Amino acid sequence: MIVAVVVGFVLGLLAPLVVRVARNGTGWITGLVPIGLFAYFASFLNRIQAGETLFFPYPWLSPLGIGLSFRLDGLSLLFALLITGIGTFVCLYSAGYLAGHPDLGKFYGALFAFMASMLGLVLSDNLVALFVFWELTSVTSYLLIGFDSEREAARRAALQALLVTGAGGLALLAAFVLMQQAAGSFEIAILVERSPDLRTSPLYAAIIFLVLTGAATKSAQFPFHFWLPNAMEAPTPVSTYLHAATMVKGGVYLLARLSPVLGGTDLWRDWLIPLGTVTMLTGAWLSLVQVDLKRILAHTTVGALGACVLLIGMGTQGSLQACMVFLLAHGLYKGSLFLVAGIVDHETGTRNAADLGRLGRAMPLTCIGALLAALSSAGVYPFLGFLGKELLYESTLVGFTPVLLAPCAVAAGIAFAGMGAVVGVRPFFSAQGRFSGQPHDPSPGMWVGPVLLGMVGLLFGLFHGPLHSALITPAVRSCILQAGDIPTPSWHGLDVKLALSALSLLMGGALYWKWSALRGRLCRWRNVGRYGPAAGYDHALCLLEAFARRQTRFFQSGRLNVYLIIVICTAVALLACALVRDNISFSDLVLQRWADVKTYEAVIAAILLTATVVTVRAQSMLVAVVALGVVGYCVAVVYLLFSAPDVAMTQFAIETLSVILLMVVLLRLPRLRTFSTSRQRLRDALVAVSAGLITTLLVLVVTTQARNPKLADFYARNSLVLAKGRNVVNVILVDFRGFDTLGEITVLAVAAIGVYSLVKLGSHRDRIPEGPPFGGEARGDDVSP
Amino acid sequence: MNNALPLVIAIPMITAVISLLGRHRPGMQKGVGLAGSLALLSTSIAILAGVLLEGILSVQIGNWPAPYGITLVADVLSSLLTLVAAVVVLLVSIASWTEIDPDRVAFGYHPLLHILTMGICGSFLTGDVFNLYVWFEVMLISSFVLLGFGGERAQLEGTTKYVTLNLLSSTLFLAGIGVLYGTFGTLNMADLALQLRGPTHAHLAETLATLFLLAFGIKAAVFPLFFWLPASYHTPPVPVSAVFAGLLTKVGIYALVRFFTLIFSGDAAVMHRIILVLAAFTMVVGILGALPQRDFRRIVSFNLISHIGTLLVGLGIFTPLALAGTVFYLMHDIVTKTCLFLFTSIVQRLGGCADIGKLGGLYRSHPFMALLFLLAALSVGGIPPLSGFWGKLILVQAGIAEKEYWLVAAVFGAGFLTLYSMSTLWSEVFWKDRPEAIGDPECECVGRTFLPLSLVTPIGILVFLIVVMGIWPSPFFHLAELAARQLSDPQMYIQKILQGKP
């Protein structure tokens, strides 16, 4: 089983090679992969029909309960057959549609990767594995929508699809982890058993909401439906495969798969039924105002997906049966219609429904496929579409609030019938046609898809008994906990649903005949989308960009002094809070020890402070350097007073050297000038003083504590005895902690290399910048745009 | 096996010295660098194997017993990071063959790179707080020279900001060490851990923890201390920024993890809360910073910051699972960030500049490189089944288990924006048609088509690692879990070092 899933990814990598070798036979060779998989899955039909559920577990990340466990039951089998079956025709079709395209190899690569991901999605029994494939379908969809990557519209549509489905994917991941948290497993089979735990969990509402968000983004439910029509930027085979027949049904699949786990509650129904209904109506309504063949189809797809969600939301045996039949019928006729739209586009160069006509005689084979699909879409007896619609109406009639739902379903049915005909009938039989070129039937690889898919729709409609027992009934069983007998739908004579069917067919016909006239009136509604969620998406993106820009300008201002102020203020604030949490008593530290201060200490401190102030306030470089020297010497004196003569000596030496060096360097620079305003200087002073105060406080705290003399004692005791040295400090430096010294010597060596190369390499290239590149308030290179 | 530990520091040092001696012979430097990196790699593999077989390894330098002399110690985390660092250094030094100009090589690029490695490895292995400071200084000074030399104007400016803010970090670190020594009279990490767990010394623990949080926070580029990173990382030659991005900030993260699991883990609930808040802000502010950028390396730099936040999430949640998540994500992040930074070289070679507005068309002209970039970018975006996904999944699982829902929301928000940022890069640099190069004097935008193998191979290996970690995560998770187990139970570490006597 894992081979069946993974083979697509491997072949995806090889696809460019295959395309190069096979040339004209590309379609037929690549088509072998999905047809082979179709045969493989079809071989399970008997066992599944007998009620078996097959599990194929493979370990993956077992400690976290993550496995590549695949499950084949009615639902997965239905989807797997749909994916591989339609995939076969799409492979055949693409070779003709994109013949001679330089990226055909990459196209097949992405297509195979998508097919593999989709198979993985419908076969996974582990939620994490399911999520992995779910995201992979989003990514491959992104790559395929943006296939014509030079066009900006294609890139934008790809990004939109990625962001919408990506956001939904994150919601889904959160839902899955919450489910694992509540029920202790990622395995769907186990979750089904523990579904009472889930339903009573306090997380239940959050889980439902997040799962719905994920499913709604994938299956283009309101208010996320807008990405699907925009995704029509993709090449037509991609629209057929991903955005009509398979990927967009992923959300529906997920809801069906999880309905035994999460479904059947009031909350489930209260969310899903309105969601499905609103989406169904939105899709149906928006399809009326389109003229582009593919966009018409995309909107009716949205409507059909809404109907599926509505049916799953009802959650009865009958409604799930309706859902499965409708879904299969839709996959077949919508796939066919999309392929037809692609052929028409390919031959005439236009997809504008108003401009097309009289193609029937020029392309008879395409016309047959289109007619079969349009009739199925309209729900004409005996096509499978008829059965799907009957069952849909029946579910709305017997289910919840039929007064509300049945008219909605009929309205959608009218749109599906009418607009299906606009795409599938009008281009072939309408009297007027405005296009250039000599259209004719395309190569067999291209027309075989629509014709066969249309025929399958007819055959399934005629012989729906075997279809039910083989595919539909097992699929319904896997969505329902205790399934009773699932009856094969049969002729009930004249009843309400038949009347509704007839009504929607009549009204659909009327819509078709009057479409040209209605269109003018409807066109003024075409801009309705401007106020819809699509506009919300654009606004959100703009706002995000603007916010990001402002925020980044604020933080990454390019000014070193601002950076320093932010860092120091953060440090001071956090340290102050920490000192408070440590219960440091200010009075203990300062007031009680005030008496210990000796006079000479006070004098030194006073000199030190004065010199510091002078350094900062000095108007001339010379004064500043000298004052800085005084600060250094005072520190050395402090060392002396606290009995560290060796440190004091070092300090004296370094201070003297640095004063001399500073003199040499600084005196060559121009005079000091003031760039900052007095307010800025006040701000800087406050920051500096607060940092100084915190440091002082820290030092005071530390000096009040009794130090553990363990280390000092050890060094003093063993310096002569074990390390054979009289000078303890030396012994520490070169023996006890000689390793530190090694590091410090390295630092010195690197500093030497650094100075040498900075000066030499700079002059060598003659690229030393003139003047200081980083003035006080100067904004440098790292300003954000 | 214990005695192999100092080798990890000695090998890069010796490599640096030899290659400094032969600094006028670039061919010899390549050979020495390669040999040294390979030696380091094999040593670190041996050490990791030793740790897995024998448990924690340690050695006392100069044989002075534990709290008095300096300790080198390797647990799973240390040895794992040393290994990853060795891989990165090896690959970057290979990439440097063609990506570093002869001038910089003549003025000691290779020795500096190995000194930097010495500092990084020393930081991972030391068990002594002051010794850690020394290694930090070694890293700082060598990274300072690597950043600055060449003396281009933008470089010098970036270097100034880098050094100033990092010196502030060193100051805080040193202040922390001062307070630590003043309070406990010891510098050995295990000894400190023991004393801070003792009944007598809760005094000043919060202040000390804050000092080290700040010092390492600056090093790791945590919000709001990260400014030096976007100011400097786009200026030096590409391999330099690649090794910085891969390893330098991660040393800061390592130090935070070490200190806040071993030393300040007692009842530092407030500190962990602060870390969580900082992590959330780092993730979100970092990735928002990436959105307005137009320069390839700056975009990646801000992504780097954002994922530093992700790394901190596990430390903040502080359960074994969360720590395992951090360790896993750490491995992923080192590999992917090095890879993305090295990609700048590819992009600059092919497109002539790094401004994404002026680039384009690489998808059509170089589909294989496009595939490699796509995999790396998707991994950064957390798309399964690549390395970035698993780390994030573990962190999310740990976060939800601890009911930190707002934090999980921040992780997801940042993940979403990362995906956005990565798809922008992909769309602009690879998908979009190449805009007609308008006469811009700054950037001639004339790309070459030649890609040296010494650049493509390291990138290929890194992407391979990303994919392997993605589709075969269990061995990596096993290591991460072992590391996390040792981190959450420091008793073993303490006993190993102090041998039972305090």
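Reading the values: rules and limits
- Residues numbered from 1 in each chain as written.
- Chains lettered and ligands numbered in written order.
- Predicted model: local features only at pLDDT ≥ 70, side-chain atom pairs only at ≥ 80, totals over all residues.
- Heavy atoms only, no water.
- Core = buried A, V, L, I, M, F, W, Y, C linked by side-chain atoms within 4.5 Å.
- Buried < 20%, exposed > 50% of the residue type's maximum accessible area, 1.4 Å probe, protein only.
- Contact = heavy atoms within 4.5 Å.
- Patch = residues over 30% accessible without salt bridge, like charges linked within 9 Å, V, L, I, M, F, W, Y side chains within 5 Å.
- Areas by Shrake-Rupley, 256 points an atom, 1.4 Å probe, with all protein chains shown as cover.
- Salt bridge = Lys/Arg side-chain N within 4 Å of Asp/Glu carboxyl O.
- Helix = DSSP H or I, 4+ residues; strand = E, 2+ residues; numbered from the N terminus.
- Domains from an automatic or database assignment.
- Buried area = accessible area lost by both parts, 1.4 Å probe.
- Polar contact = N/O pair within 3.5 Å; in protein donor to acceptor, adjacent residues only side chain to side chain.
- 1 Å grid on protein atoms, 1.4 Å probe; cavity = no way out; pocket = protein on both sides within 12 Å on 5 of 7 lines; lining within 4 Å.
- Points joined across faces, edges and corners; volume = space filled by probe spheres on them.
- Nonpolar A, V, L, I, M, F, W, Y, C, P; charged D, E, K, R; others polar.

Structural notes on the nonpolar core
Residues and elements named next belong to chain A. By size, the foremost hydrophobic cluster in this structure holds 442 residues, and its most contacted members are F41 and L262. Excluding anything up to four places from it in sequence, L262 contacts M179, L198, R199, Y204, I207, I208, V211 and W268. Of all hydrophobic cores here, the second largest spans 8 residues; its members include L711, Y715, A723 and V731.

A short note on a nonpolar patch on the surface
All names here are of chain A. Judged by side-chain polarity, V603, I607, V614, L622, V623, V626, V630 and L667 come together as a nonpolar surface patch covering roughly 600 Å² of accessible area. Elements supplying a minimum of two residues to the nonpolar patch: α28 (599–617) and α29 (621–641). At 4 residues, the largest contribution of residues to the nonpolar patch is made by α29. Within the fold, V626 resides in helix α29.

Brief notes about the domain arrangement of chain B
Residue and element names in this part refer to chain B. Its domain assignment divides chain B into domain 1 (1–267) and domain 2 (287–471). Just the C-alpha atoms count here: the centres of domain 1 and domain 2 sit 24 Å apart. Of the roughly 3,000 Å² buried between domain 1 and domain 2, counting both surfaces, carbon and sulfur atoms make up 80%. Among the residues domain 1 hides against domain 2, the three largest losses belong to L91, H234 and V238. Together they make up 19% of the total. Taken together, the links from domain 1 to domain 2 amount to 2 salt bridges. The interface formed by domain 1 and domain 2 holds 8 residue pairs in polar contact (both at pLDDT 80 or more) in total.

Regarding empty space enclosed by the protein
As enumerated under the stated definition, the model contains 6 cavities of 30 Å³ or more in all. Taken as a whole, the largest cavity spans an internal volume of roughly 130 Å³. Around the largest cavity sit 15 residues that line it, and A:E135, A:L170, B:G381, B:G382 and B:I383 are the ones nearest its centre. Where the lining of the largest cavity is concerned, the elements lending two or more residues are α6 (127–145) and α7 (152–183) of chain A together with α17 (387–401) and α18 (405–431) of chain B. If one sorts the elements of the lining of the largest cavity by residue count, α18(B) sits on top with 4 residues. Split into classes, the residues belonging to the lining of the largest cavity amount to 9 nonpolar, 4 polar and 2 charged.

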